[in-house]
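Listed below are the residues making up each chain.
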Amino acid sequence: MKQWFIFLAMAGFVLACGNSGSEGQLAASAGGPGMADKPDGQKLYKQYCVTCHGLYGDMGGGGAFNLQESQLSLEERIMVITKGRNAMTPFETLLKKKEIKAVAEYIVTFREE
Ligand code: HEC
């Protein structure tokens, strides 16, 4: 009986983890202890994106898009960041997939503030 319960608890844990990539959990990406395996979107943004988009996404350096006004979905942002668009550099070779996702999640917060 007890073993069965442990199995269920573990299955639940695995499911919860598998889900952590979904868009619905953006709020959880704010950081905090226990999130060490998740790339820091804000840090990556400051490192790779401020030069064109500015600290708050609205600098527009070199014709860069104002990220505060972006209507793109998370998937579309990931696409633009990965493949680039016009004057925007593709980050495919510079960042890992999960880093691109983290930075895309971070820039969504510009619109909400
Ligand atoms: C070399 C300057 C440059 C850098 C560095 C840069 N961008 Fe851009 N970005 C642009 C330009 C220019 C555009 C507008 C592209 C166009 O006109 O189609 C753009 C557009 C975008 C868009 C599309 C917005 C929309 O609504 O259409 C997103 C999202 C974006 N950038 C995110 C990022 C992120 C995240 C980073 C850092 C990983 C980054 N950019 C780094 C120049 C840059």
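Residues numbered from 1 in each chain as written. Predicted model: local features only at pLDDT ≥ 70, side-chain atom pairs only at ≥ 80, totals over all residues. Heavy atoms only, no water.

Engineer: Is there a simple way to explain the pattern of salt bridges in this structure?
Structural biologist: Applying the stated criterion across every chain, the model contains three salt bridges. Here Glu 105 makes a salt bridge to Lys 38, at a shortest N to O gap of 3.2 Å. Placement of Glu 105 in helix H5 (residues 97–112) and of Lys 38 in the loop between helix H1 (2–18) and helix H2 (41–48) is noted, with a sequence separation of 67 residues between them. Between Lys 101 and Glu 105 there is a salt bridge, with its nearest N and O atoms 2.9 Å apart. Taken together, the residues Lys 101 and Glu 105, both in helix H5 and four residues apart, mark about one turn of the helix. A relative accessible area of 24% places Lys 101 in the partly exposed class. With relative accessibility at 6%, the residue Glu 105 sits in the buried group. (Salt bridge = Lys/Arg side-chain N within 4 Å of Asp/Glu carboxyl O. Helix = DSSP H or I, 4+ residues; strand = E, 2+ residues; numbered from the N terminus. Buried < 20%, exposed > 50% of the residue type's maximum accessible area, 1.4 Å probe, protein only.)

Engineer: Can you walk me through the site of the ligand in this structure?
Structural biologist: Of all residues adjacent to the ligand, which total 23 residues, the nearest are Cys 49, Cys 52, His 53, Ser 70 and Met 88. Within the side chain of His 53, a nitrogen or oxygen atom sits 2.7 Å from a nitrogen atom of the ligand. Between Asn 86 and the ligand, the recorded distance is 2.8 Å, taken from a side-chain N or O atom to an oxygen atom. At the level of secondary structure, the elements contributing two or more residues to the shell around the ligand comprise helix H3 (50–53), helix H4 (74–83) and H5. Broken down by class, the residue content of the shell around the ligand amounts to 14 nonpolar, seven polar and two charged. (Near = heavy atom within 4 Å. Polar contact = N/O pair within 3.5 Å; in protein donor to acceptor, adjacent residues only side chain to side chain. Nonpolar A, V, L, I, M, F, W, Y, C, P; charged D, E, K, R; others polar.)

Engineer: Teacher, can you tell me more about H2 here?
Structural biologist: The periodicity of an α-helix, 3.6 residues per turn, causes residues three or four places apart in sequence to face the same way. Among the residues of H2, Gly 41, Leu 44 and Tyr 45 are the ones counted as buried. One face of H2 carries all of its buried residues, which in axial projection span an arc of 100°. Of the residues in H2, the exposed ones pointing more than 90 degrees away from the buried face are Lys 43 and Gln 47. The N-cap of H2, judged by a side-chain oxygen 3.1 Å from the amide nitrogen of Gln 42 a few residues on, is Asp 40. (Arc of directions from axis to C-beta.)

Engineer: Can you help me understand the nonpolar core in this one?
Structural biologist: Tyr 45, Ile 81, Val 103, Ile 107 and Phe 110 are the most contacted members of the largest nonpolar core, which has 16 residues in total. For this core, the elements supplying multiple residues, two or more each, are H2, H4 and H5. For this core, the leading source of residues is H5, giving seven residues. Once you skip the residues sitting within four places of it in the chain, Val 103 turns out to touch Gly 41, Leu 44, Tyr 45, Cys 49 and Ile 81. (Core = buried A, V, L, I, M, F, W, Y, C linked by side-chain atoms within 4.5 Å. Contact = heavy atoms within 4.5 Å.)

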